[in-house]
Amino acid sequence: MIGWYTFREKASNLKIRNIDKFVNGLKRDIQAVRNAIVYEYNNGLAEGSVNKLKVIKRIIYGRNKFEMLRQKVLFLENNG
């Protein structure tokens, strides 16, 4: 984490608003940043499935009932 403190100090000395906002966001969520560095896994697979579901819902909005949505999701999960 020594590199973090060096980066934070150098970035704050630049006095650039967007960089300051970025560094403040990192400070607010420092535990998530540490976890992303330490651990090999992420939630990309789950996020991809959620995104696919949202796209399907957008496409068939107002056209069909829940059962059709369910069948389409299951079909796409099994057939790519």
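Summary of the structure given here. These numbers were taken from a predicted model, which means no experiment stands behind them.

Before going further, it helps to examine the packing of helix α1 (residues 2-14) against helix α2 (residues 17-28). Between α1 and α2, the least distance of the axes is 9 Å, while the angle of their chain directions is 150 degrees. Our classification of the angle between α1 and α2 gives roughly antiparallel. At the point where α1 passes α2, the crossing takes the left-handed sense. Counting all contacts with α1, which are made through W4, F7, R8, A11, S12 and L14, the residues of α2 involved are I19, D20, F22, V23, L26 and K27.

Take the pattern of salt bridges next. What the rule picks out here adds up to two salt bridges. The closest approach of N and O atoms between E77 and K52, which form a salt bridge, is 3.5 Å. Taken together, the residues span a long stretch of sequence, with E77 in helix α5 (residues 66-79) and K52 in helix α4 (residues 44-59) at a distance of 25 residues. On the basis of relative accessibility, which here comes to 32%, the residue K52 falls in the partly exposed class. A salt bridge links R70 to E67; its shortest N-O distance comes to 3.1 Å. Within this pair, R70 and its partner E67 are both found in helix α5, separated by three residues, close to a single helical turn.

Definitions and cut-offs
The numbering scheme is per chain: residues are counted from 1 as the chain's sequence reads. Where local features are concerned, this predicted model is filtered to residues with pLDDT of at least 70; where side-chain atom pairs are given and counted, the filter is 80 or more; whole-chain, interface and lining totals use all residues. Hydrogens and waters are ignored; side-chain quantities use all the structure's heavy atoms. Angular values range over 0 to 180 degrees, each being the angle between N-to-C directions of two axes fitted as lines to C-alpha atoms, with helices fitted over their stretch in contact. For the purposes of this entry, the term helix denotes a DSSP run of H or I that reaches at least four residues, the term strand denotes a run of E that reaches at least two, and both are numbered from the N terminus. Reported orientations rely on four angle classes, namely roughly parallel under 35 degrees, roughly antiparallel over 145, roughly perpendicular from 65 to 115, and oblique for the rest. Should the near helix be turned anticlockwise from the far one by less than a right angle, the crossing is termed left-handed; should it be turned clockwise, right-handed. A contact between two residues is defined here by any heavy atoms of the two lying within 4.5 Å. Between Lys or Arg on one side and Asp or Glu on the other, a salt bridge is scored when a side-chain nitrogen of the former is within 4 Å of a carboxyl oxygen of the latter. Three exposure classes are used, based on accessible area relative to the maximum for each residue type with a 1.4 Å probe and protein chains only: buried under 20%, partly exposed in between, and exposed over 50%.

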